[in-house]
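Coordinates in review
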Amino acid sequence: MSVAVMLFTSDLRLHDQPALSAALREADEIVPLFVLDRGIRKAGFDAPNRRAFLADCLHALDAGLRERGGRLVVRTGDVTEQVCRVITESGARSVHVAGGVSAYALRREERLREGLSALRCALHVHDGVVTALPPGRVTPDGGDHFAVFTPYFHTWQDTAPRETLPAPRAVPVPELAGHPMPRRTAVGGVSPGLALGGETEARRRLRTWLADESHGIAAYDRRQNDLPGDATSRLSPHLHFGTLSAAEVVQRARAKGGPGADAFVRQLAWRDFNHQILAARPDASHADYRGRDDHWRGDEKEIAAWKEGRTGCPIVDAAMRQLLHEGWMHNRARLLTASYLTKTLYVDWRVGARHFLELLVDGDIANNQLNWQWAAGTGTDTRPHRVLNPSAQAKRCDPNGDYVRRWVPELAELAGPAVHEPWKLDVLQRDRLDYPDPLVDHAEGRARFERARSLG
Ligand SMILES: Cc1cc2nc3c(=O)[nH]c(=O)nc-3n(C[C@H](O)[C@H](O)[C@H](O)COP(=O)(O)OP(=O)(O)OC[C@H]3O[C@@H](n4cnc5c(N)ncnc54)[C@H](O)[C@@H]3O)c2cc1C
């Protein structure tokens, strides 16, 4: 009986799972293994929202494997150590794992390679499991990665993706002991409105998204920035944990066709774009991709107000409170709050990125750090010094103020778009509101930023 280990990481699914399919082709039995990695906690990447969502994902994966005659083996500890133990206990001759792009994933892979070679066990790293196209699959002439999105997108679109794969019918698993499975309810500090995780939920959400004519993919080109309408897919945590395959989502969206699908697929290409940058420049997780000689401010009171949604700028406060409540935020709201922190307040993007990673259920090094860099103008934005005007953006993306009223109850009595600029009310009206004055006037903040970047 030949045995292979399938080491799950950011690919917690059975459908379109190239690493699992390869393991099943190679061996008679496989050990579907997930290691609750102590190193992730030490690296500070272990946020309660993601831990709770992960617990859902592991339960769903276990259930899916049981339907196919197998089960998930969970171990806790150091990944290499646990994998080596499983190899010794099961007599496995090879390990299959998805290729990652973060410095952490690359180090894990290197350590696995060392540990496995001592046991004479093969390591198969599968690219293109986490993204629709593997990083490095499309490159510009003479370069190792694209630094600008539009030319990347044109090449990405013209490149044939791999064939997607069906879920296996059966997964034979040998007898092997596991550690207890984590439970969502045992995790403290979770956002009360956190979404459900797991492959079954992911596939249900994808089906609904593809079929819904008014809130789904068909309307995405028109409703993408409709903050109160909440008409984006909310698939990001599923793509982050790999309960959905990006390649499958792209394929099914393309099959749907139309301007909504085109706009949606373009966003998925942004995800691949960020991953190919991080793969080529792992230090972009913490170092400026393009240095601007910034001397950031760091007023702790302002930073705390931003985190708690008390800046006095209603659209920013609404978004920050949504993040606290759900562990998720709309893309337009992420852009607005990031621009506000890094440009209007002129605070280092790393401060904001860290806070997002502490809360976001889809918190992802490639997407989070590179979007923060984009918003701060140290990344790939071709207009790096633009400063978003939160009130103007709010009037466009929340024209009646419903999004603000939903998240900032102190302003609920203000009707219509007046909710976006409470500082324009007369003094008596303002005094009645239990809501702070703005930390900074937008024009002043902008002028300060432009002076700092030597633009004005
Ligand atoms: C400051 C900032 C931080 C961010 N941090 C993260 C993060 O940690 N993890 C994360 O997955 N996304 C992040 N994003 C990107 C984006 O905001 C989210 O992916 C999106 O809001 C998720 O909601 P959705 O699934 O409904 O997106 P949809 O609008 O339905 O888009 C579909 C998918 O496309 C991808 N996508 C959409 N927009 C982007 C984008 N700008 N960059 C990369 N991929 C994108 C996501 O995988 C998303 O699920 C960040 C954006 C900003 C501006």
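Structure report, in brief. Given the structure is predicted, the values throughout are model-derived calculations rather than measurements.

Cut-offs used in this document
- Residues numbered from 1 in each chain as written.
- Predicted model: local features only at pLDDT ≥ 70, side-chain atom pairs only at ≥ 80, totals over all residues.
- Heavy atoms only, no water.
- Helix = DSSP H or I, 4+ residues; strand = E, 2+ residues; numbered from the N terminus.
- Rg over C-alpha atoms; globule rule 2.2 N^0.38 Å.
- Buried < 20%, exposed > 50% of the residue type's maximum accessible area, 1.4 Å probe, protein only.
- Contact = heavy atoms within 4.5 Å.
- Areas by Shrake-Rupley, 256 points an atom, 1.4 Å probe, with all protein chains shown as cover.
- Lys, Arg positive; Asp, Glu negative; His and termini not counted.
- Charge placed at Lys NZ, Arg CZ, Asp CG, Glu CD.
- Core = buried A, V, L, I, M, F, W, Y, C linked by side-chain atoms within 4.5 Å.
- Pairing = 2+ DSSP bridges.
- Axes fitted to C-alpha atoms, helices over the stretch in contact; angles between N-to-C directions.
- Expected span 1.5 Å × (residues − 1).
- Polar contact = N/O pair within 3.5 Å; in protein donor to acceptor, adjacent residues only side chain to side chain.
- Near = heavy atom within 4 Å.
- Domains from an automatic or database assignment.
- Salt bridge = Lys/Arg side-chain N within 4 Å of Asp/Glu carboxyl O.

With respect to the overall build of the protein
- Summing up its helical and strand segments, the protein has 20 helices and 5 strands in all.
- For a compact globule of 456 residues, the expected C-alpha radius of gyration is about 23 Å, and the protein comes in at 23 Å, within 12% of that figure.
- By principal-axis analysis of the C-alpha atoms, the protein measures approximately 80 × 45 × 45 Å.
- The 456 residues of the protein split such that 55% are buried.
- Within the protein, counting contacts between residues at least 6 apart in sequence, those at least 24 apart form 78% of the total.
- As displayed, the protein offers around 19500 Å² of accessible surface, 50% of which is attributable to carbon and sulfur atoms.
- Positive and negative side-chain charges in the protein, numbering 61 and 59 respectively, have mean positions lying 1 Å apart.

A word on the nonpolar core
- Of all hydrophobic cores here, the largest spans 43 residues; its most connected members are Trp306, Ile315, Phe356, Trp372, Tyr403 and Leu411.
- Taken together, the elements giving at least two residues each to this core come down to helix 12 (300-308), helix 13 (314-326), helix 14 (331-344), helix 15 (349-359), helix 16 (365-376), helix 17 (390-397) and helix 18 (402-407).
- Residue contributions to this core peak at 6 residues, all from helix 13.
- Not counting residues within four places of it along the chain, the set of residues in contact with leucine 411 comprises Pro314, Val404, Arg405, Val419, Pro422, Leu433 and Tyr435.
- Counting residues in each nonpolar core, the second largest holds 35 residues, with Ala132, Phe153, Leu239 and Ala246 among its members.

Section: the sheet that holds strand 3 (residues 73-77)
- If you trace the 5 strands from one edge of the open sheet to the other, you get 3-2-1-4-5, paired in parallel fashion. Of all strands in the sheet, those with a lone pairing partner are strand 3 and strand 5 (122-126), marking the two edges. Ignoring which end each strand starts from, the neighbouring axes of this sheet average 25° apart.
- As paired elements, strand 1 (residues 3-8) and strand 4 (residues 94-98) share 4 bridges and run parallel to each other. Pairing of leucine 7 across the sheet is with valine 97, part of strand 4.
- The strands that helix 1 (residues 18-26) touches are strand 1, strand 2 (29-37), strand 4 and strand 5; relative to strand 4, the one it contacts most, it runs at about 165°.

Focus on helix 4 (residues 79-90)
- Taking 1.5 Å as the rise per residue, helix 4 with 12 residues should run 16 Å; its terminal C-alpha atoms sit 16 Å apart, in good agreement.
- Among the residues making up helix 4, those that are buried are Val79, Thr80, Gln82, Val83, Cys84, Val86, Ile87 and Ser90.
- Residues of helix 4 that are buried make contact with strand 1, strand 2, strand 3, strand 4 and helix 5 (103-118).
- A side-chain oxygen of the first residue of helix 4 lies 3.3 Å from the backbone nitrogen of threonine 80; this N-cap is aspartate 78.
- A positive backbone phi angle near 75° is found at glycine 91, which sits one or two residues after helix 4.

Observations concerning unusual backbone geometry
- One non-glycine residue with positive phi stands out, namely aspartate 293, at about 55°.
- By the element assignment, aspartate 293 lies in the loop between helix 11 (259-280) and helix 12.

What about the site of the ligand?
- Tyr220, Thr232, Ser233, Arg234 and Asn331 are the nearest of the 28 residues found near the ligand.
- Measuring from an oxygen atom of the ligand, one finds a backbone N or O atom of leucine 235 at 3.0 Å.
- In this structure, an oxygen atom belonging to the ligand sits 3.2 Å away from a side-chain N or O atom of asparagine 367.
- The fraction of the free accessible surface of the ligand (810 Å²) that becomes covered by protein chains is 98%.
- The set of elements that each furnish at least two residues to the shell around the ligand consists of helix 9 (236-241), helix 11, helix 14 and helix 16.
- For the shell around the ligand, the element with the most residues is helix 11, which contributes 6 residues.
- Structurally, the shell around the ligand is a two-domain feature, drawing no fewer than three residues from each of domain 2 (131-161 + 199-280) and domain 3 (300-452).

A word on the pattern of salt bridges
- Scanning the entire structure with this criterion turns up 31 salt bridges.
- A salt bridge links arginine 184 to aspartate 56; the nearest nitrogen and oxygen atoms lie 2.5 Å apart. Residue arginine 184 is located in the loop between helix 6 (149-157) and helix 7 (199-211), and its partner aspartate 56 is located in helix 3 (residues 48-67); the two are separated by 128 residues in the primary sequence.
- In this structure arginine 184 comes out as partly exposed when scored by relative accessible area, which is 25%.

Observations concerning the environment of aspartate 62
- For aspartate 62, the position within the fold is in helix 3.
- Aspartate 62 sits in the buried class, given a relative accessible area of 11%.
- What aspartate 62 contacts, discounting residues up to four positions off in sequence, is Arg71, Leu72 and Met181.

A word on the environment of glycine 64
- Tracing the chain through its elements places glycine 64 in helix 3.
- Taking relative accessible area as the criterion, glycine 64 reaches 10% and is therefore assigned buried.
- C-alpha separation for the pair glycine 64 and leucine 227, spaced 163 residues apart in sequence, amounts to 35 Å.

Quick word on the side chain of serine 90
- Relative to the elements of secondary structure, serine 90 occurs in helix 4.
- Once residues within four sequence positions are removed from consideration, serine 90 is found in contact with Val3, Val31 and Leu176.

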